[in-house]
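Now for the letters of each chain:
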Amino acid sequence: MAIACFKCIECNEEACELYRDYRNGIVKITICRSCAKPVDKYIEYDPVIILIDAILCKIQAFRHILFNTRINIHWKLCVFCLLCEAYLRWSRLQSSEVTGDPADIIRYAKEWDFYGMFALASLELGVYCAGVLAVLWCVRKLDGVSVDTSDLLKALLLSCYGKVLLIPAVIWEHDYSPLCFALIRVFVLTSNAQAVRAILNCRRRLSMFAVGVGLLLETCASHAVHGPQTSSRALLPELYT
């Protein structure tokens, strides 16, 4: 008996294969036995279409990426997103502290502030992910369902790809930049919630609740590091200042 290693993007049921090759150029997409729809229609789609559907937060696109592909770039993507966020925080910090003192040139040449912003962004992301995973683990354990934390962590890290948009938001900074930062933040949180739904096949309420708890813990971590005057950074656009 074949081992089920794929999942239907429509109903989340397990499947043994995505398509069957009959040779001579004849390929037939596997039909799900549960919902009678193609197990994964995206195997025929161009990657650009898949990316657009993922940006639109379609859960089918998330299931295709998380279950039916062999993407293992989540750690690299995580580091890149952290660099983007650290650069944004650092650049705004520099712009607010520029002076005519020649001593600043030596201090800026070292750019220790950038590494500090990277460490801070890493800490906040770690707290956020830990909070989300803890909530989901506790809730699912109460329901008697096992939770694969590695898959959940991979889904959370991959769904943070929206942070890449921080770079163009900095390059083309304008009067509406704070609004752009807020929208990027909302987009990332929405993607996180959809990724959780795709992995656990749970209700939207649970995924949103877990993401909300993670965001709250991230805010507390930011408060503990920065003090009361910046305690709202994880919730507001000023997170990146």
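- As recorded by an unreviewed UniProt entry, the protein carries the name Protein ARV and is attributed to Ameiurus melas.
- Quoted verbatim from the Sequence similarities (unreviewed entry) field of UniProt, the annotation for the protein is "Belongs to the ARV1 family."

**Thoughts on the nonpolar core**
At step 1: Residues Leu125 and Leu136 are the most contacted members of the largest nonpolar core, which totals 50 residues.
At step 2: Counting only elements with at least two residues in this core, the list comes to α1 (47-55), α2 (59-67), α3 (74-97), α5 (112-142), α6 (149-158), α7 (166-171), α8 (177-200) and α9 (204-226).
At step 3: It is α8 that provides the largest number of residues to this core, a total of eleven residues.
At step 4: With residues near it in sequence (within four places) discarded, leucine 136 still touches Val147, Leu152, Val196, Leu200, Leu206 and Ala210.
At step 5: With six residues, the next largest nonpolar core counts Cys8, Ala15, Leu18 and Val39 among its residues.

**Notes on the packing of aromatic side chains**
Ring pairs (aromatic) are described by centroid distance and by the angle formed between their planes.
At step 1: In this structure the tally under the stated criterion is five aromatic pairs.
At step 2: For the pair tryptophan 90 and phenylalanine 114, a centre-to-centre distance of 6.2 Å together with 90 degrees between the ring planes defines the contact as edge-to-face. Pair noted here: tryptophan 90 is in helix α3 and phenylalanine 114 is in helix α5, with a separation of 24 residues, a long-range link.
At step 3: Taken together, a centroid distance of 5.7 Å and an interplanar angle of 85 degrees make the contact between tyrosine 161 and phenylalanine 187 edge-to-face. Of this pair, tyrosine 161 sits in the loop between α6 and α7 while phenylalanine 187 sits in helix α8; the two residues are 26 residues apart in sequence, bridging distant segments of the chain.
At step 4: The exposure class of tyrosine 161 is buried, given its relative accessible area of 19%.
At step 5: Classification of phenylalanine 187 as buried rests on a relative accessible area of 17%.
At step 6: Aromatic rings pair up to connect Tyr87, Trp90, Phe114 and Tyr115 into one cluster.
At step 7: In this structure, lysine 7 is placed above the aromatic ring of phenylalanine 67, and the distance from its NZ or CZ to the ring centre is 4.6 Å.

Conventions we followed
- Residues numbered from 1 in each chain as written.
- Predicted model: local features only at pLDDT ≥ 70, side-chain atom pairs only at ≥ 80, totals over all residues.
- Heavy atoms only, no water.
- UniProt positions renumbered as here; feature names shortened; annotations may be inferred.
- Core = buried A, V, L, I, M, F, W, Y, C linked by side-chain atoms within 4.5 Å.
- Buried < 20%, exposed > 50% of the residue type's maximum accessible area, 1.4 Å probe, protein only.
- Helix = DSSP H or I, 4+ residues; strand = E, 2+ residues; numbered from the N terminus.
- Contact = heavy atoms within 4.5 Å.
- Phe/Tyr/Trp six-rings, centres within 6.5 Å; stacked < 30°, edge-to-face > 60°.
- Lys NZ or Arg CZ within 6 Å of the ring centre and 35° of its normal.

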